[in-house]
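Residue-level structure breakdown
Each chain, written out:
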Amino acid sequence: MSYEVKIEDVEYLRHAGAPLLARLYRPQGTGPFPIMVELHGGAWCRSERLADKLIHETLAKTGVIVAALDWRQPPVAPYPASFQDIHYAIRWLKAQANDLGSRPDMVGSMGNSSGGHQAMLLAMRPFDARYSALPQPAGSPAADATVRGVIMTSPVIDPLGRYHYAKQLKAGGQPYPALVDEVLPCHDAYWQSEDAMAEGCPALALERGEKVQLPPVLYLQGTEDLAHPRPHLDRFVAAYRRAGGVLDLELFEGEGQGFIMRKAGSPASNRALEMIVEFVHKQIR
């Protein structure tokens, strides 16, 4: 079944007079529909809520409410400001859920690249006092930021590892991939220290024995993705499963960074979108 979709931009939060917007994709019909909070990539400091439009529209047409968020980024604010905004947005959506045609217990999260990292780490730490620092949204005294499932597409799952990887490529001299000069300034601007990158690394949190939430995860990535090194993926997947989490991993042979959007209509992109839709309807209900 394909739904008609109403699209609108809604202000969900404001800092010092500057609004933060959520683009809501709302299927028109009888719910309750799952809600997916979608977080764009851009190395934590670039891009905005419209970046992954293909995923938003595809999901919404199958009967999923998608909330694609903007949040504070450098140079406005470094880590953990984005986590505070996203945490607030999840609570805000739970407060609005019934009016949107959903339920507060039908919320999941997803993200691409650095957005995937944010979706995963926040899902693991929904009760972290730093991330929950903003007050409760009106009308949601009991809402928290827990989610029913997480989808990651090519996440920066190890910020410190990726930083060292990019530094090593740069140290080797030209020619090196363009991603090196794209990501290193953003790592510095967002994290501000290697200690912060290590603290915000999901695999390290698990290896440290941190008490975390372990929602079901769908992890999608291409085998030729130079921006998201395979050893980082393997380390996180092993740690998550070892901790008792359920994680479905799909590797797309020969595909590179951002293939879902960059190669829209290709067999790999279409298959990834099918898996995203299937996961949401299975887990977020």
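Further up the page is the structure itself.
Below: a short report on this structure. Predicted model only: the values in this text are computed from it and were never measured. (Residues numbered from 1 in each chain as written. Predicted model: local features only at pLDDT ≥ 70, side-chain atom pairs only at ≥ 80, totals over all residues. Heavy atoms only, no water.)

**With respect to the sheet that holds strand β2 (residues 18-27)**
If you trace the eight strands from one edge of the open sheet to the other, you get β1-β2-β4-β3-β5-β6-β7-β8, paired in mixed fashion. Strands with a single pairing partner mark the edges of an open sheet, and in this sheet they are β1 (5-15) and β8 (247-252). Geometrically, the sheet is characterised by an average inter-axis angle of 20° between neighbouring strands, direction not taken into account. Of the strand pairs in this sheet, strand β6 (residues 150-153) and strand β7 (residues 217-222) are connected by four bridges, and their pairing is parallel. (Pairing = 2+ DSSP bridges. Helix = DSSP H or I, 4+ residues; strand = E, 2+ residues; numbered from the N terminus. Axes fitted to C-alpha atoms, helices over the stretch in contact; angles between N-to-C directions.)

**Here we look at the nonpolar core**
Ranked by internal contacts, the top residues of the largest apolar core, which has 71 residues, are Tyr12, Leu69, Met120, Tyr219 and Phe236. Top element by residues in this core is helix α2 (residues 81-100). It accounts for nine residues. Counting 23 residues, the second-largest nonpolar core is a separate cluster that includes Leu218, Leu220, Phe259 and Phe279. (Core = buried A, V, L, I, M, F, W, Y, C linked by side-chain atoms within 4.5 Å. Buried < 20%, exposed > 50% of the residue type's maximum accessible area, 1.4 Å probe, protein only.)

**Overview of the layout of surface pockets**
In this structure, the largest pocket encloses a volume near 330 Å³. Of all elements in the fold, only α5 (179-191) and α9 (259-262) reach the threshold of two or more residues within the lining of the largest pocket. No other element matches α5, which puts three residues into the lining of the largest pocket. Partitioned by chemical class, the residues of the lining of the largest pocket number six nonpolar, nine polar and five charged. (1 Å grid on protein atoms, 1.4 Å probe; cavity = no way out; pocket = protein on both sides within 12 Å on 5 of 7 lines; lining within 4 Å. Points joined across faces, edges and corners; volume = space filled by probe spheres on them. Nonpolar A, V, L, I, M, F, W, Y, C, P; charged D, E, K, R; others polar.)

**Notes on helix α8 (residues 230-242)**
The end-to-end C-alpha distance of α8 is 18 Å, a good match for the 18 Å that 13 residues give at a rise of 1.5 Å each. Turning to α8, its buried residues number three or more, namely His232, Leu233, Phe236, Val237, Ala239 and Tyr240. Looking down the long axis of α8, one finds its buried residues gathered within 170° of arc, a one-sided arrangement. Projecting away from the buried face of α8 at angles above 90 degrees are the exposed residues Pro231 and Arg242. Looking at the buried positions of α8, the neighbouring elements they touch are α3 (114-124), β6, α4 (159-171), α7 (202-207), β7 and β8. Looking one or two residues beyond α8, the residue adopting positive phi is Gly244, at roughly 105°. (Expected span 1.5 Å × (residues − 1). Arc of directions from axis to C-beta. Contact = heavy atoms within 4.5 Å.)

**Quick notes on the pairing of β8**
Bridge analysis of β7 against β8 gives six bridges, and the strand direction is parallel. In the strand pairing of β8, Tyr219 is matched with Leu249. The parallel pair β7 and β8 is bridged by α8, and the resulting crossover is right-handed. (Right-handed = clockwise from strand over helix to strand, strands pointing away.)

**Quick look at the packing of α4 against α5**
At a closest axis distance of 10 Å, the pairing of α4 and α5 adopts a crossing angle of 135°. On the basis of their axis angle, the class for α4 and α5 is oblique. When you trace α4 past α5, the crossing you get is left-handed. Taking contact as the criterion, the partners of Pro159, Arg162, Tyr163, Ala166, Lys167, Leu169 and Lys170 in α4 are, on α5, Val180, Asp181, Val183, Leu184, His187, Asp188 and Trp191. Its residues assigned to classes, the contact of α4 with α5 shows eight nonpolar, one polar and five charged. (Parallel < 35°, antiparallel > 145°, perpendicular 65-115°, else oblique. Left-handed = near helix turned anticlockwise from the far one by under 90°.)

Without other data, these values stay purely geometric and don't point to any function.
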